[in-house]
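Listed below, chain by chain, are the residues.
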Amino acid sequence: MSQAHLSVTRHTTADGVEVVALAGEIDHTTAGTFRQALTAPAGTAAPHTVVDFRDVSFIDSSGINVLVAANNAACTRGGWLRLAHTPTPVLDLLRIVGLDAILPSHSTLEDALTP
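Every value quoted in this text rests on a predicted model; they were computed, and no experiment measured them.

Reading the values: rules and limits
- Residues numbered from 1 in each chain as written.
- Predicted model: local features only at pLDDT ≥ 70, side-chain atom pairs only at ≥ 80, totals over all residues.
- Heavy atoms only, no water.
- Pairing = 2+ DSSP bridges.
- Helix = DSSP H or I, 4+ residues; strand = E, 2+ residues; numbered from the N terminus.
- Contact = heavy atoms within 4.5 Å.
- Axes fitted to C-alpha atoms, helices over the stretch in contact; angles between N-to-C directions.
- Phe/Tyr/Trp six-rings, centres within 6.5 Å; stacked < 30°, edge-to-face > 60°.
- Lys NZ or Arg CZ within 6 Å of the ring centre and 35° of its normal.

### With respect to the sheet that holds strand β4 (residues 80-84)
Sheet strands pair via backbone hydrogen bonds, and the direction of the pair is either parallel or antiparallel.
For step 1, the next point in the chain: The mixed open sheet is built from five strands, whose spatial order is β1-β2-β3-β4-β5. Of all strands in the sheet, those with a lone pairing partner are β1 (6-12) and β5 (105-106), marking the two edges.
For step 2, the next point in the chain: Where strand β3 (residues 48-59) and β4 come together, five bridges link them in parallel fashion. Across the sheet, the residue bridging to Thr 49 is Leu 81, located in β4.
For step 3, the next point in the chain: Across the sheet, helix α2 (residues 61-76) lies against β2 (18-26), β3 and β4, angled at about 140° from β4, the strand it touches most.
For step 4, the next point in the chain: Contacts between helix α3 (residues 88-97) and the sheet are confined to β3, β4 and β5, with β3 contributing the most and set at about 110° to the helix.

Structure follows, in structure tokens:
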């Protein structure tokens, strides 16, 4: 059995929104990488984050747990977490666990960045 791979790129928009773009699979072997991508040192994390799932092919409960924790952290800081380019299989899982009602998912990155 091969180990999943997840790559992460980040940038901050002029408005201070952190954009985290992912590529690969999110499972128990890559959840730590995903968690680190959504976590910054105390006091420096952007309260507004968009996760771009455009190149994500799989997510399991480990990734769902990371999303829940990141959303809770963002809300605690008075911010938000949004999703962009969420593939149908990922969106289906979010619906099954009820996160689609909590985490807004947008079809484009531009929509997710709109206030």
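Here the narrative resumes, following the displayed structure.
### Side note on the environment of Ala 70
For step 1, the next point in the chain: With respect to the helices, strands and loops of the structure, Ala 70 is situated in helix α2.
For step 2, the next point in the chain: For the pair formed by Ala 70 and Val 90, sequence separation is 20 residues and the distance between their alpha carbons is 17 Å.
For step 3, the next point in the chain: Excluding anything up to four places from it in sequence, Ala 70 contacts Leu 38 and Leu 81.

### Side note on the packing of aromatic side chains
For step 1, the next point in the chain: The tally for this structure, following the rule as stated, stands at one aromatic pair.
For step 2, the next point in the chain: Looking at Arg 82, its charged tip hangs above the ring of Trp 80, at a distance of 3.6 Å from the centre.

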